[in-house]
Each structure stands twice: as C-alpha cells, then as structure tokens.
Amino acid sequence: MKRKLLALCLVLTISFGALGVGFALWSDTLTINSIVYTGELNVEWSVGTSYDSEPPDKDVSSISCWVDSSDPNILHVELTDAYPCIDYYQDVDIHNLGSVPVILTGITFNAPPGVLVEMLWDDNPATTDIYEGTQLHTGEIAVGTIHVHLDNTVSNIAQTFTFDGTVTAVQYNEYAGVPGMPGSQNLVLYLPMNEGSGTTAHDLSGYANDGTIHGATWVVENGHNVLTFDGDDYVVVTSDPSLDITGDLTVEFWSKYVAGASDNYRVISKPMDSGDSSWGIVLYHGDGGSMTWYYNNKYARDSVTPTAGVWHHFVGVFDSAAGQLRIYQDGSLVATKTGVSAQATNDGNLYIGWGRLGSYYYVGSIAGIRMYNQALSAGDIMAHYSAEASQYP
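No experiment lies behind these values; they were computed from the predicted model shown.

Colleague: Quick question: what am I supposed to make of the overall build of the chain here?
Modeller: The helix and strand tally for the chain stands at two helices and 26 strands. For the chain, the residues scored as buried account for 47% of the 393 residues in total. Put simply, of all contacts in the chain between residues at least 6 apart along the chain, 69% involve residues at least 24 apart. Only carbon and sulfur atoms are counted for the fraction: they give 53% of the accessible area of the chain, which is about 18,300 Å².

Written as structure tokens, this is what we have:
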C-alpha cells in the first residue's frame, strides 16, 4: 500500500511539474482600468454670515442664501433691492458628509448679466479652502466666501436678482487632474489660475507644484477668474523632479496678449541655472505676436499670428521618438521642427510671465497651464481645445 501511495505521489508530482512548465511557458499581462466605488459620495453646502458694502446707516440692500431642500449640492442666492457697484459677501462651507474622500471638481454660478460672482479665501493654512481640486476626507469641511459684485450695466432702479451656485465632486480615486481630458494620467502640472484671490496658484495635478504669484492681479472675464500680467509680474513654480522632464513633453495654456508691449513675451519658461542661450522650455510671443516653441536650442515658430486681445489656446509638444517639435494654436497644427534631441536634465524653476534670464515680461492674461510627460496627439489637443473654448471667447 505504501509503495502504491508513493508511486501515486510521484506521478502527481511529475504531472503538476509538467503542468507548471506549461504555465511557465504561457504568460500575459492583465491590465484593469476601473474605478472602485467604496462608499457613499455626499457633499453639501452650508451657509454662514453675510454682509455687503453699504454703510450701516444706509443699509437697504441685502443678500440671502439657502440650501436647496431636495438637492444640497445647490445653493440659492437672492439679492434684494440691488443696484450698480454694490458688493455682497456670503460665507459658506462645503461639507463631506459621505463615507469616502472626495475631490471638488467645480463650483459654478449661473448669475445673470451684470452680476459677477467669484469665490474668495484667505490662504489660511489652518483651514481647507473651496476651489476646484480641493480634497475632503469624510467629515472634513472646506470654507470660503462668495463675492458678488453688480457692475454699472445694471439698472439704477433697485431690483431683485436670483441665481444658483452648484458644487460638484467625485470620489477621490476617480479624479484624474483634468476630468475627462485625454492624457490626464501623465499630467505633472495643472494650474487653472482661477482662484480669484490670494498669492498662490494651486496645482491640481496631484504633485503639489503650486505657483507663487508675484504682482499679477486677478480679474473676472466671462464669469471666470483669470490672472493678468502688466509687464513686471510673474509666477514661479519651484523646481521638482516631476517637472524635470527629459523625454516626451507637452506644455499647454490659454493666453490673451496685449499687442506692442514687447517683442518677446515669455509665457512659460524653464531656464537652466546658467547661460542665456540654454533655455530648457520656452514658449514666447515675438515677431509681432507669433508663438515660438523653443526647446534644447531648437525652435518651431507659429505660422499663424494670433490676434491680440483675443484668447487663444496654445500647445507645444516635444515628441522624442520622432525628434520633433510641434505647435498647435486653437486645436490646429501650425508649426513643426524636426531633428530635435531630448534635453539633458533641467532642474531650474518654472516661470510664468517672465524668462528670468532677461526682461521679457509678459503683458496680458494667462490661464489653464498644463504640463505632461507625454507627447499628446493631435486628437487629444483638439479635444482639450473644444472642451474649454467656451470659457475663453
């Protein structure tokens, strides 16, 4: 009996060994792209103190806000006895009452013409601010102040205005930096530059490459906050390994430049620490406004001159496999340069609105800056342009 059992074990061992060889000779990689929902997503507005710019002895107008009874993502706003040039302020919170961490993907207001709305915060490190990209763990609260201003196009007759504010959020592991945008998984920098106040341009890529604002000012255009540069302002992003890209690269932004202020605006640059000719990453206006993508001592120049005073979407791509630079304007390819090799390591700071090695300050507005360690395709770039064109008419 023992001999039979031993023989059986030997046969099984040999059989499984052969089977193991069979499995060893067959292999593949299984990739799963999915979002795992692990709990309840629930964010809600709450309302705090409100006040306005009227003196106490002439306080005839008011702002009132309340949370929608059936959808707490919606905040109703009413301005009573409103008139031109008045300012209202409403303190608000956004609570994560769900069971999973979330990221805020948007705070939007459908205000009527002449009523300008922006979200303010104080950059207090002790509190979490309300802006696109804020992450809230279960039970956490983001704070902010809604600022409402009536411009001089509003009738002088006191009237009532009503509009809504909506907050949207996604589960934290669903957020890819730029929801719905191709290439988001390779995003290393995303500065919407839409905060509306403060001296920090928050990076929503997940790499925490925040920018520090020096002198540039906030303005509201088409209902959106943008950063404006007047010729001696800039934003600096401190060097980080995530931005030290030596292979495929895409740099993207929206800009509206002022004609005649300079021949060589530096919109975005990442210069080396020494040598004026050793620019690492440069996109600048020159030659009457044409856009140039200058990389590793090679450059491609835009063949279609953008219109001054109008928002344009620009993308510079370095494709390492093709050894090629490409420029896209408003979704279309406008310039190429071949025979370009990858740059060596570049650990310099990133500058927006200034070149650091010269006085080439930018004059105009800049928004929506993104960097990818990937050469985005023409289809990806057109998708980006089409998705955001309505924000920058």
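Read on, since the account is not over.
Colleague: For this particular structure, what's the right way to read helix α2 (residues 378-388)?
Modeller: An α-helical turn contains 3.6 residues, so a residue and the one three or four places further along point in the same direction. Within α2 the residues assigned to the buried category are Asp380, Ile381, His384 and Glu388. Summarising the axial view, the buried residues of α2 lie within an arc of 100 degrees, below the 170-degree limit, and thus occupy one face. Tucked into the core, α2 has its buried residues touching β11 (187-191), β17 (249-257), β22 (312-319), β23 (324-329) and β26 (363-372).

Colleague: Please explain the sheet that holds strand β2 (residues 62-67) as it appears in this structure.
Modeller: To summarise the sheet geometry, strands pair through backbone hydrogen bonds and adopt either a parallel or an antiparallel arrangement. Here five strands make up an open sheet; going across it, the order is β2-β3-β10-β5-β8 and the pairing antiparallel. The open sheet has two edge strands, β2 and β8 (135-136), and neither has a second partner. Summarising the sheet, strand β5 (residues 102-109) and β8 pair through two bridges and their orientation is antiparallel. Looking at β8, one finds that Ile103 is bridged to Gln135.

Colleague: Looking at this model, I keep getting lost on the confidence of the model for the chain. Mind explaining?
Modeller: In low-pLDDT segments, the atomic positions of the prediction should not be examined closely. Here the chain shows a mean pLDDT of 80. Residues at 70 or above account for 79%. When pLDDT is averaged over each element of the chain, strand β13 (residues 211-214) comes out on top at 96 and helix α1 (residues 2-24) at the bottom at 41. Every residue in residues 1-37 is under pLDDT 50, and counting partners more than four places away or in other chains gives six contacts.

Colleague: Hey, could you run me through the packing of aromatic side chains in this one?
Modeller: The geometry of two aromatic rings is summed up by the distance between their centres and the angle between their planes. Under the counting rule described, the total for this entry stands at twelve aromatic pairs. Judged by centre distance (6.1 Å) and plane angle (45 degrees), the ring pair of Trp293 and Tyr295 falls under tilted. Here the aromatic residues Tyr234, Tyr351, Trp354 and Tyr361 are joined through ring pairs into a cluster of three or more.

Colleague: Would you take a moment to explain the pairing of strand β20 (residues 290-295) for this structure?
Modeller: For a regular strand, side-chain orientation follows a simple rule: the groups alternate between the two sheet faces. Judged by how many residues are buried, β20 sits mostly within the fold: six of six residues are covered. The side-chain alternation of β20 yields two buried faces, one formed by Ser290, Thr292 and Tyr294 and the other by Met291, Trp293 and Tyr295. From the end of β20 to the start of strand β21 (residues 298-301), which pair antiparallel, there are two residues, and Asn296 there has a positive phi angle of about 50 degrees.

Colleague: Whenever I open this one, the pattern of salt bridges confuses me. Can you help?
Modeller: Any two side chains of opposite charge can pair, given that their charged atoms come close. In the structure shown here, the tally under the stated rule is four salt bridges. Glu252 is the salt-bridge partner of Arg370, the closest N and O atoms lying 3.5 Å from each other. Separated by 118 residues along the polypeptide, Arg370 in strand β26 and Glu252 in strand β17 bring together distant segments of the chain. The exposure class assigned to Glu252 is buried, which follows from its relative accessible area of 1%. Residues joined in a network through salt bridges with shared partners are Glu252, Arg370 and Glu388.

Colleague: Is there a simple way to think about the environment of Tyr131 in this case?
Modeller: Relative to the assigned elements, Tyr131 resides in the loop between β7 (128-129) and β8. Linking Tyr131 and Asn194, residues 63 residues apart in sequence, is a C-alpha distance of 8.6 Å. Setting aside anything within four residues of it in sequence, one finds Tyr131 in contact with Leu104, Ile107, Trp121, His202 and Leu204.

Colleague: Quick question: what am I supposed to make of unusual backbone geometry here?
Modeller: The bulk of non-glycine residues show a negative phi, and the bulk of peptide bonds are trans. Residue Met193 is not a glycine yet carries a positive backbone phi of 55 degrees. Mapped onto the elements, Met193 comes out in the loop between β11 and β12 (200-201). With relative accessibility at 0%, the residue Met193 sits in the buried group.

Colleague: When you look at the pairing of strand β15 (residues 224-230) in this model, what are you seeing that I'm missing?
Modeller: Of all seven residues making up β15, five are buried, and the element is well covered by its neighbours. Bridge count for strand β14 (residues 217-221) against β15 is five bridges, and the pairing is antiparallel. Residue pairing in the sheet places Val220 in a bridge with Asn225 of β15. Between the antiparallel neighbours β14 and β15 lie two residues, among them Asn222 with a positive phi of about 55 degrees. Sheet topology places β15 next to β26; four bridges connect them, and they run antiparallel. Within β26, the residue paired with Thr228 across the bridge is Ser365.

Colleague: Please clarify how the environment of Thr134 should be interpreted in this entry.
Modeller: Position of Thr134 relative to the elements: it lies in the loop between β7 and β8. Spatially, the C-alpha atom of Thr134 lies 9.4 Å from that of Ala169, the residues being 35 residues apart in sequence.

Colleague: Just checking my understanding: could you explain the side chain of His313 for this structure?
Modeller: Relative to the assigned elements, His313 resides in strand β22. Engagement of the side chain of His313 in a polar contact is seen with the side chain of Glu252, the distance being 2.8 Å. His313 has contacts with Glu252, Phe253, Trp254, Tyr328, Gln329, Asp330, Gly331, Ile381, His384 and Tyr385, leaving out every residue within four places of it along the chain.

Colleague: Would you mind going over the environment of Asp71 with me for this structure?
Modeller: As for its placement among the helices and strands, Asp71 is situated in the loop between β2 and β3 (74-82). Once the C-alpha coordinates of Asp71 and Trp45 are considered, the two residues, 26 residues apart in sequence, prove to be 9.7 Å apart.

Scoring rules and cut-offs
- The numbers attached to residues start from 1 for each chain and follow its sequence in the written order.
- pLDDT decides what is reported in this predicted model: residues at 70 or higher carry local features, side-chain atom pairs at 80 or more are listed and counted, and totals for whole chains, interfaces and linings draw on all residues regardless.
- Based on all heavy atoms of the structure, the side-chain values leave hydrogens and waters out of the count.
- The numbering of helices and of strands both runs from the N terminus, where a helix is a DSSP run of H or I of at least 4 residues and a strand a run of E of at least 2.
- Any residue under 20% of the maximum accessible area for its type is buried, any over 50% is exposed, and the rest in between are partly exposed; the area is computed with a 1.4 Å probe on protein chains only.
- Here, two residues are considered to be in contact whenever any of their heavy atoms come within 4.5 Å of each other.
- Using the Shrake-Rupley algorithm and a 1.4 Å probe, accessible areas are obtained, with residue cover drawn only from the displayed protein chains.
- Taking the helix axis as origin, the arc is that swept by the directions to the C-beta atoms.
- DSSP calls a pair of strands paired once it identifies at least 2 bridges connecting them.
- Confidence of the predictor at the level of single residues is given by pLDDT, which spans 0 to 100.
- By convention, a stacked pair of Phe, Tyr or Trp rings (six-membered ring in the case of Trp) has centres within 6.5 Å and planes under 30 degrees apart, an edge-to-face pair has planes over 60 apart, and any other such pair is tilted.
- Any Lys or Arg side-chain nitrogen located within 4 Å of an Asp or Glu carboxyl oxygen qualifies as a salt bridge.
- Identification of polar contacts relies on pairs of N or O atoms within 3.5 Å, with a donor-acceptor requirement for protein atoms, meaning one able to donate a hydrogen and the other able to accept it, and with residues adjacent in sequence counted only if both atoms are side-chain atoms.

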